[in-house]
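Letter by letter, the chains look like this.
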Amino acid sequence: MTAIVDTGRQSPDTATAFTHRRRGRWIDGWEPDNERFWESGADRTAKKNLLFSVFAENLGFSIWVLWASVVTGMGAAGFAFLDGLGKGNPTAVSNALLLTSIPTLVGSTLRIPYTFAIPRFGGRAFTAFSAAMLLIPTVGLIVFVNQPGTPMWVFVILAALSGFGGGNFSSSMANISFFFPDGKKGAALGINAAGGNLGVAQTQLLVPLLITLGTHLTAQDAAGYRFGITLSVLVWIPFILAASFSALRYMDSLSTAKSDGRSYKLALTNRHTWVMAFLYVGTFGSFIGFSFAFPTLIKANFPDLANIGWITTIGNLAFLGAFVGSFSRPFGGWLSDKLGGGAKITVMVFGGMAVAVALIMTALEMKSFPLYLLAFLVLFVLTGIGNGSTYRMIPSIFSAQVRKHTADHGMTAAESAASAKRQAGAAIGVIGAVGAFGGFVLQQALRLSNTHFGTMAPAFWAYAVAFLVMAGVTWWFYRRASFAVGRVPSLAYANV
């Protein structure tokens, strides 16, 4: 296979930046931590791949969360199993929560194999493939939503297929992590994650607006709502095609992005992987779970708002939750650096989330929508900050543990750093999958509470207790000096 030199803006005294294979856009010799290599054009290549990765991942999140907004219009579109959602019908509420939780379950499960796909197939090919897979749930929904007699089980399958979009996060993050040097990796991954998370907000803003537009273009009857739903799904297809084509045309794959089975084994047997996965259930699981459920919760708890035009016009306001949660995620990592570490911020986040849940319950007792919305926005901001702070903790935890192992077994500094990066990367894949699964558990708890008690209050209070437990676990493992210093050297003081 003939190699093509890709020199970027290479200076005369700098060696070849990297070689670019003719087929498949595979790059050999990728050394981002080499400053001369990075400045010779590799930085532009990395940023280009980040740009198209964000584009594809953003669409993945958009399709993943699509059902959260679609279900709110399906009752009016003539589907009896969701009729009465805005009138307090507990069966309709439970069915809606089932349809919004299934994508979360599938997406979280797919995150594990998607993490391993990058070393096997390359970032370019798999990004194009994973983007193209989003056509299956979108085209399927367009077909069956225009058949009023379609049973609920068909829509459950279609909702499950939209979980393809949830798996994209892990493959995208794994791919981008290989392109950037250590000093820039955090910012790149933060941009990649935030860009993806914003897909939730844009879907929850645009889909209700497009459904409303469809009814205004036709009629406010069942057929009009079916047309509106069709329009709200059809709009994504050109972007999906563009994302898949752009990945094939412009992205690259790194031959150095090889899987490391030993690192995954070490990560899976390390208790800190599972402790952090538990904490990520509380932060990202809450973000994605409440993002999926929020439109249904607003419509179920404040049905009179459906008759207020400005609420409909701005997308039922549900998009605001995911919007503020996405933007606060990078802030969580930055705040962790400024205020002494991710563990300290994470403890405060979980405490604040418990208070936010109490405010949500107070708002429901008072039947105050402004307080309800404000409390939820506070909760979403805190989940975003917590997502950033927990991700900030992971590399520090594994670096501290590997430093201890280095001292005991005589490893070199370079070997220690490489081992820490590999184990942290493996742990992130597991933690991300488990955290996303928490979104499914959260929605199922809401659904079961509503079904068996006729109210979601027991589930909300259980969340408040769980958040306090997670705050305690964070303190116990990563803030308690006797544990952190005695068993994992420097962990309490390593900006964890």
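Look up: the structure comes first, before these words.
Given the structure is predicted, the values throughout are model-derived calculations rather than measurements. (Residues numbered from 1 in each chain as written. Predicted model: local features only at pLDDT ≥ 70, side-chain atom pairs only at ≥ 80, totals over all residues. Heavy atoms only, no water.)

Describing the overall build of the chain
- Along the backbone of the chain there are 19 helices and four strands.
- Here the chain, with 496 residues, has 57% of them falling under the buried criterion.
- By sequence separation, contacts in the chain at least 24 residues apart represent 78% of the contacts at least 6 residues apart. (Helix = DSSP H or I, 4+ residues; strand = E, 2+ residues; numbered from the N terminus. Buried < 20%, exposed > 50% of the residue type's maximum accessible area, 1.4 Å probe, protein only. Contact = heavy atoms within 4.5 Å.)

Some thoughts on the packing of helix 3 (residues 90–121) against helix 12 (residues 271–301)
- One way to put it is that helix 3 packs onto helix 12 with a least axis distance of 10 Å and a crossing angle of 160°. The angle between helix 3 and helix 12 falls in the class roughly antiparallel. Of the two elements, helix 3 crosses helix 12, and the hand of that crossing is right-handed. From helix 3, Val 93, Ala 96, Leu 97, Thr 100, Pro 103, Thr 104 and Arg 111 reach across to helix 12, where they touch Phe 284, Ile 288, Phe 292, Ala 293, Thr 296 and Ala 300.
- Each residue belonging to the contact of helix 3 with helix 12 can be placed in one class, and the counts come to nine nonpolar, three polar and one charged. (Axes fitted to C-alpha atoms, helices over the stretch in contact; angles between N-to-C directions. Parallel < 35°, antiparallel > 145°, perpendicular 65-115°, else oblique. Left-handed = near helix turned anticlockwise from the far one by under 90°. Nonpolar A, V, L, I, M, F, W, Y, C, P; charged D, E, K, R; others polar.)

Let's talk about the packing of aromatic side chains
- Across all of its chains, the model carries 34 aromatic pairs by this definition.
- Residues Trp 30 and Phe 179 carry aromatic rings whose centres are separated by 5.5 Å and whose planes lie at 75° to one another, so their mutual orientation is edge-to-face. In this pair, Trp 30 sits in the loop between strand 3 (26–28) and helix 1 (35–64) while Phe 179 sits in helix 7 (residues 164–179), placing the two residues 149 residues apart along the sequence.
- Taking the centre distance of 6.0 Å and the plane angle of 85° together, the rings of Phe 61 and Phe 169 count as edge-to-face. (Phe/Tyr/Trp six-rings, centres within 6.5 Å; stacked < 30°, edge-to-face > 60°.)

What about the packing of helix 2 (residues 66–74) against helix 9 (residues 222–234)?
- Running from amino to carboxyl end, helix 2 crosses helix 9 at an angle of 170°, the nearest separation of the two axes being 10 Å. With respect to helix 9, the axis of helix 2 lies roughly antiparallel. Across the interface between the two elements, Leu 66, Val 70, Gly 73 and Met 74 of helix 2 pack against Tyr 225, Ile 229 and Val 233 of helix 9.
- A breakdown of the residues in the contact of helix 2 with helix 9 according to their chemical character gives six nonpolar, one polar and no charged.

Observations concerning helix 4 (residues 123–132)
- Across the ten residues that make up helix 4, a large majority, seven, are buried.
- Within helix 4 the residues assigned to the buried category are Gly 123, Arg 124, Phe 126, Thr 127, Ala 128, Ser 130 and Ala 131.

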